[in-house]
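# Summary of the model geometry
Here are the chains, one letter per residue:
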Amino acid sequence: MPLPSLYPDTAPFAGHALEVGDGHVLQVQEFGRAGGIPALVLHGGPGSGCSPLLRRVFDPARWRIVCPDQRGAGGSRPRGSTSHNTTGELLADLRRIRAHLGIERWVVVGGSWGATLALAHAADQPQAVAALLLRASFLARREDIAAFFGTLSLDELAAALDSPERAERERAALAWWRHEQALAGTAAPEPKGEALATQVDRLRVQAHYLRHGCWLQSPSLLERCEAVPRVPTRLIHARDDRVCPPEGALALQRQLPQATLQWVDGAGHDAGHPAMVAAVMGALAAYAETGSFGESA
C-alpha cells in the first residue's frame, strides 16, 4: 500500500524554551498557522520526542500544531533525565504550556504513550480539551507492561541503562530496541553512534515510567476516563498491534461512550504504516472540515 501524501515539513513559526522547574527546560515548537485550529501533539515513549511524522499528518493551512518534547525527551533538556520526571509533572507541564501560549481549548492528538498522556490530560483539565484523536492507545496496566516485555526483565534493562559503562548501556538499549521492533512490525535500521545514544536516553526515561506503572495505577487510566469530557473522540487501532493490544481499545471504548473506534488492518504498531497514516489524516481532515471525526470505519 503506498504511503499517503504527507503534508510538507515546514519550519516552525514559533519555538519556545519553557523552564518548568527542577532544571527541566522544555522544547515547544509550533507549526502550521498561528490562527489555525489549536492542536496539542503528544509523542510516545515515554521519552521518544516529537518526530516530523507526528506533525505532517496535519494540514498546516488549517491547524496550529503545538509539539512539546516531554521532560527528558527530544530537544528538551536535560535529555534522558529521570529526575523530577513523572506523569503528574508532565500534566503540570501541559497546563503551563497552554497558559504560556494563551490557548483556551485544543484538539489533543497522541499515539501509544501519547494517547495515554492525552487521556490523563483530558481527565486533569477537561475544560481544555475540544476533541481527542488517539492512535494505538496504551492503558499502562500492569498486565500490558508485563506482556510487552515477555521474557525480558524490565528491572535488569533499567539497571543496565543507568550503568556507568557505555557498552552496558548500549547493549541493553539494543536488546530492548530489537524486541520492540519485532513486536511493532517495523524494519528501521539498527541505531549506531549518536542514534544509539539517543535510544539509550529514550529507553532510560521509558524504563523509569514503566517500572512505576506510569503513575497510573490508582486511579487507573480507565477509572480516570470518568472525568474525560464528552467531546468528539476517535480511537484508531490496528487489529494486529502486539505492543498495545487491541483489547485495550475495546476496553477504552466501553469507558468512553462518545468514542468511535476505527480498526486498521496490517499496521501493527507502526505509526508510519500507510493504512495508519491514512486513517489519522482522514480523521484530522474530517474534524477540520466539520468539527467531528465522523462515523467509525
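The coordinates are above.
Right, let's walk through the structure included here. (Residues numbered from 1 in each chain as written. Predicted model: local features only at pLDDT ≥ 70, side-chain atom pairs only at ≥ 80, totals over all residues. Heavy atoms only, no water.)

## Brief notes about the state of the cysteines
Such a bond, covalent and formed between the sulfur atoms of two cysteines, is termed a disulfide. Applying the stated criterion across every chain, the model contains zero disulfides. Among the cysteines around Cys67, which has no disulfide bond, Cys50 carries the closest sulfur, lying 4.7 Å off. Between Cys244, a free cysteine, and Cys214, which holds the nearest cysteine sulfur, the sulfur-to-sulfur gap is 10 Å. In this structure Cys244 comes out as buried when scored by relative accessible area, which is 1%. (Disulfide = S-S within 2.5 Å. Buried < 20%, exposed > 50% of the residue type's maximum accessible area, 1.4 Å probe, protein only.)

## Digging into the nonpolar core
Ile97, Leu119, Leu132, Trp176 and Leu252 are the most contacted members of the largest nonpolar core, which totals 67 residues. Among the elements that take part in this core, helix α3 (residues 113-124) stands out by supplying eight residues, more than any other. Other than its neighbours up to four places away in sequence, Leu252 contacts Leu119, Leu134, Ser137, Leu139, Leu222, Cys225 and Leu235. Counting residues in each nonpolar core, the second largest holds 31 residues, with Leu6, Val41, Met281 and Ala288 among its members. (Core = buried A, V, L, I, M, F, W, Y, C linked by side-chain atoms within 4.5 Å. Helix = DSSP H or I, 4+ residues; strand = E, 2+ residues; numbered from the N terminus. Contact = heavy atoms within 4.5 Å.)

## Section: the packing of aromatic side chains
For the structure shown, the criterion picks out seven aromatic pairs. Ring centres 5.3 Å apart and planes at 75° place the aromatic pair Phe58 and Trp63 in the edge-to-face group. One exposure class covers both Phe58 and Trp63, and it is buried. An aromatic cluster is built from Phe58, Trp63, Tyr287 and Phe293, whose rings are joined through pairwise contacts. (Phe/Tyr/Trp six-rings, centres within 6.5 Å; stacked < 30°, edge-to-face > 60°.)

## Brief notes about the pairing of strand β1 (residues 14-21)
As paired elements, β1 and strand β2 (residues 24-32) share seven bridges and run antiparallel to each other. Among the inter-strand pairings, Ala14 is bridged to a residue of β2, identified as Glu30. Two successive antiparallel strands, β1 and β2, enclose a turn made up of two residues, where Asp22 displays a positive phi of approximately 60°. (Pairing = 2+ DSSP bridges.)

## Side note on the environment of His208
Looking at the secondary structure, you find His208 in helix α7 (residues 194-211). Residue classification places His208 among the buried positions, given a relative accessible area of 17%. Each C-alpha atom, one on His208 and one on Ser81, is 9.7 Å from the other, the two residues being 127 residues apart in sequence. Not counting chain neighbours up to four residues away, the residues in contact with His208 comprise Thr82, Asn85 and Trp215.

## Quick notes on the environment of Gly21
Looking at where Gly21 falls in the secondary structure, it is placed in strand β1. For the pair Gly21 and Leu53, spaced 32 residues apart in the sequence, the C-alpha separation amounts to 29 Å.

## Observations regarding helix α6 (residues 166-184)
Spanning 19 residues, α6 covers 26 Å between terminal C-alpha atoms, matching the ideal 27 Å at 1.5 Å per step. Within α6, burial applies to Ala172, Ala173, Leu174, Trp176, Trp177, Glu180, Gln181, Leu183 and Ala184. Once α6 ends, the next one or two residues include Gly185, with phi positive near 80°. (Expected span 1.5 Å × (residues − 1).)

## Points about unusual backbone geometry
Following Gly45, the chain continues to Pro46 via a peptide bond in cis, the omega torsion being 0°. On the secondary structure map, Pro46 appears in the loop between β3 (37-42) and α1 (52-56). Note that the residue after Ser218, namely Pro219, is joined by a cis bond; omega there is 0°. Along the chain, Pro219 turns up in the loop between α7 and α8 (221-224). Positive phi outside glycine occurs at Ser112, with the angle close to 60°. With respect to the helices, strands and loops of the structure, Ser112 is situated in the loop between β5 (106-111) and α3. Despite not being glycine, Cys214 has its phi angle at roughly 60°, a positive value. Checked against the element boundaries, Cys214 lands in the loop between α7 and α8.

Worth remembering: the numbers are spatial, not functional.
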